[in-house]
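Reading the structure
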Amino acid sequence: ARLAVLIGPFAIFPFITNEGNLYRYGLITIIYALLALGLNVVVGFAGLLDLGYVAFFGFGAYLYGIMASGHSGHHLQAEIAIPIVVVSTALLGLLLGLTSWRLLGDYLAIVTLFFLQAFVIFVNNANGGLNDFSYPFVGKVDLTGGANGLDQIDPFNLFGYHITTTKGYYFFTLISLTLLMTMLYFVNASRTGRAWRALREDPLAAEVMSMPVNRLKLLAFMFGAATAGFSGTIFGAVQSGAFPGDYDVGLLITIYAIVILGGLGSIGGVVVGA
């Protein structure tokens, strides 16, 4: 019932506005809400200060663009590309999460912020052109388009159904948000959710109580990264491009503001914050 009250105004919004305002105020808000829900798992549930979160958002957009765009010449269907992006981003989150085994607080924040900056530098230079960026075994490849970005990303083609309008993307994202909120509601009430909250309050006490602290950290990183990667595919398809300036510290501050405004660990609050 609470979910219906929260989502109801979102469902009505497309019918009382034009396409331009629907994009500016509706679709972007829902994408930010998706991003904030993923960050809420890492920061709000598990208590891990991840400042590299936006890099997963960018990674999702770029990876989807590499698999389905005129820039790359590949046109993989969305029902295949999106799961690949989600799994790949989760694995990247696992690699970054390995640093959290021995790092906490400010030290973890510094390492993850470095990861975000490294990502931005990489996508700015991985075009194999004027910057002479060369990959092992394959040489020069225009992977990301450099500072000009990766353009001509395909719209979603889900089982032959092409999403080409702002309203189509809006409802696709809204359904995704509803499913994610429902899943997080049940996860939060599960053993894993309770363990995450225990980890957030006192990692040492949680470990003494026989909770697998390191596995819980990795799981939170992976879940948050997968959510950000999925959001990135939507954003890339909507913009029909992925550009380095879209995935910087400014966006990170915005998403953190949403989570803090909505309340750490609150699922509905994060959506209201967005």
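See above for the structure.
Figured I'd write up the structure that's included with this text. (Residues numbered from 1 in each chain as written. Predicted model: local features only at pLDDT ≥ 70, side-chain atom pairs only at ≥ 80, totals over all residues. Heavy atoms only, no water.)

Of the regular secondary structure elements, the protein holds 11 helices and 8 strands. Dimensions of the protein along its principal axes, counting C-alpha atoms only, are 55 × 50 × 30 Å. Among the 274 residues that make up the protein, the fraction classed as buried is 47%. Of the contacts made within the protein by residues no fewer than 6 positions apart, 73% connect residues no fewer than 24 positions apart. Carbon and sulfur atoms make up 67% of the accessible area of the protein, which totals about 12,800 Å². Of the charged side chains in the protein, 11 are positive and 13 negative, and the gap between their average positions amounts to 14 Å. (Helix = DSSP H or I, 4+ residues; strand = E, 2+ residues; numbered from the N terminus. Buried < 20%, exposed > 50% of the residue type's maximum accessible area, 1.4 Å probe, protein only. Contact = heavy atoms within 4.5 Å. Areas by Shrake-Rupley, 256 points an atom, 1.4 Å probe, with all protein chains shown as cover. Lys, Arg positive; Asp, Glu negative; His and termini not counted. Charge placed at Lys NZ, Arg CZ, Asp CG, Glu CD.)

So, about the packing of helix 3 (residues 53-67) against helix 4 (residues 78-97). In a packed pair of helices, the relevant descriptors are the angle between the two axes and the axis-to-axis distance. Where helix 3 contacts helix 4, the two axes come as close as 9 Å, and the packing angle between them is 140°. One finds that helix 3 runs oblique with respect to helix 4. As for how helix 3 packs across helix 4, the hand of that crossing is right-handed. The segment helix 3 lies against helix 4, with Phe-56, Phe-59, Gly-60, Leu-63, Tyr-64 and Met-67 engaging Ala-78, Ala-81, Ile-84, Val-85, Ser-88, Thr-89, Leu-92, Gly-93 and Leu-96. A breakdown of the residues in the contact of helix 3 with helix 4 according to their chemical character gives 11 nonpolar, 4 polar and no charged. (Axes fitted to C-alpha atoms, helices over the stretch in contact; angles between N-to-C directions. Parallel < 35°, antiparallel > 145°, perpendicular 65-115°, else oblique. Left-handed = near helix turned anticlockwise from the far one by under 90°. Nonpolar A, V, L, I, M, F, W, Y, C, P; charged D, E, K, R; others polar.)

With that out of the way, let us pick up helix 5 (residues 105-125). Relative to the 30 Å expected for 21 residues at 1.5 Å per residue, helix 5 spans 31 Å between its end C-alpha atoms, a close match to the ideal helical length. Taken residue by residue, helix 5 has Leu-108, Ala-109, Thr-112, Phe-115, Leu-116, Phe-119, Val-120 and Val-123 as its buried positions. Taken around the axis of helix 5, the buried residues stretch over an arc of 130°, which confines them to a single face. Helix 5 presents Asp-106, Tyr-107, Ile-110, Phe-114 and Ile-121 as exposed residues on the side facing more than 90 degrees away from its buried surface. (Expected span 1.5 Å × (residues − 1). Arc of directions from axis to C-beta.)

Together, Ile-12, Phe-15 and Ile-16 make up a nonpolar patch on the protein surface, roughly 370 Å² of accessible area in all. Tracing the backbone shows Ile-16 in the loop between helix 1 (2-12) and helix 2 (19-45). (Patch = residues over 30% accessible without salt bridge, like charges linked within 9 Å, V, L, I, M, F, W, Y side chains within 5 Å. Salt bridge = Lys/Arg side-chain N within 4 Å of Asp/Glu carboxyl O.)

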